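Structural overview for review
Listed below are the residues making up each chain.
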Amino acid sequence: MFGGEADVLPAARDLLDESTRLRRELAFPEGVAANLVGLAYLAAAENRPADARALLDESAELAAGAGAKAVLHSIDEARAEL
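In this report, the structure presented in the accompanying data block is examined. Because the structure is a prediction, the values reported are computed rather than measured. (Residues numbered from 1 in each chain as written. Predicted model: local features only at pLDDT ≥ 70, side-chain atom pairs only at ≥ 80, totals over all residues. Heavy atoms only, no water.)

**Some remarks on unusual backbone geometry**
Even without being a glycine, A27 presents a positive backbone phi close to 55°. By the element assignment, A27 lies in the loop between α1 (9–25) and α2 (29–45). Non-glycine residue N47 carries a positive phi angle of around 60°. Relative to the assigned elements, N47 resides in the loop between α2 and α3 (49–66). (Helix = DSSP H or I, 4+ residues; strand = E, 2+ residues; numbered from the N terminus.)

Below, the structure written as structure tokens:
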């Protein structure tokens, strides 16, 4: 788990949630999709595998709709690792 620093995960999640909210407000689906991949890794690190899968599913939908091939690749990697 992220170097054994479980105490930093909630703070990291809060910051990434805020960034995701702002990207949604700006109608930047590629950025939202990328952030959701990060949130999926955090969910997995917090032992929330169902949440991680749901985040990756949403990310894939957004990335596909936006034609964000690099993010789709990141999603595939995350699915393989998580």
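**Here we look at the side chain of N35**
Tracing the backbone shows N35 in helix α2. Classification of N35 by relative accessible area gives buried; the value is 7%. Apart from residues lying up to four places away in sequence, N35 is in contact with L16, S19, T20 and R23. (Buried < 20%, exposed > 50% of the residue type's maximum accessible area, 1.4 Å probe, protein only. Contact = heavy atoms within 4.5 Å.)

**What to know about the pattern of salt bridges**
Pairing is possible between side chains of opposite charge, provided their charged atoms come close. Under the defined criterion, the tally for this structure stands at eight salt bridges. Salt-bridge contacts for E46 lead to R48; the nearest nitrogen and oxygen are separated by 2.7 Å. Take R48: its relative accessible area is 27%, and that puts it in the partly exposed class. Among the ionic pairs, D57 bridges to R79, the shortest N-O distance being 3.1 Å. With D57 in helix α3 and R79 in helix α4 (residues 69–81), this residue pair connects regions lying 22 residues apart in the sequence. Its relative accessible area of 38% is what places R79 among the partly exposed residues. Look at the salt bridges and you will find they share partners, linking R13, D14, E46, R48 and D51 into a network. (Salt bridge = Lys/Arg side-chain N within 4 Å of Asp/Glu carboxyl O.)

**Here's the deal with the nonpolar core**
V37, L55, L56, A63, V71 and I75 are the most contacted members of the largest nonpolar core, which totals 19 residues. For this core, the secondary-structure elements that each account for two or more residues are α2, α3 and α4. With nine residues, the top contributor of residues to this core is α2. When sequence neighbours within four positions are dropped, the list of residues in contact with V37 reads L56, S59, V71, S74, I75 and A78. (Core = buried A, V, L, I, M, F, W, Y, C linked by side-chain atoms within 4.5 Å.)

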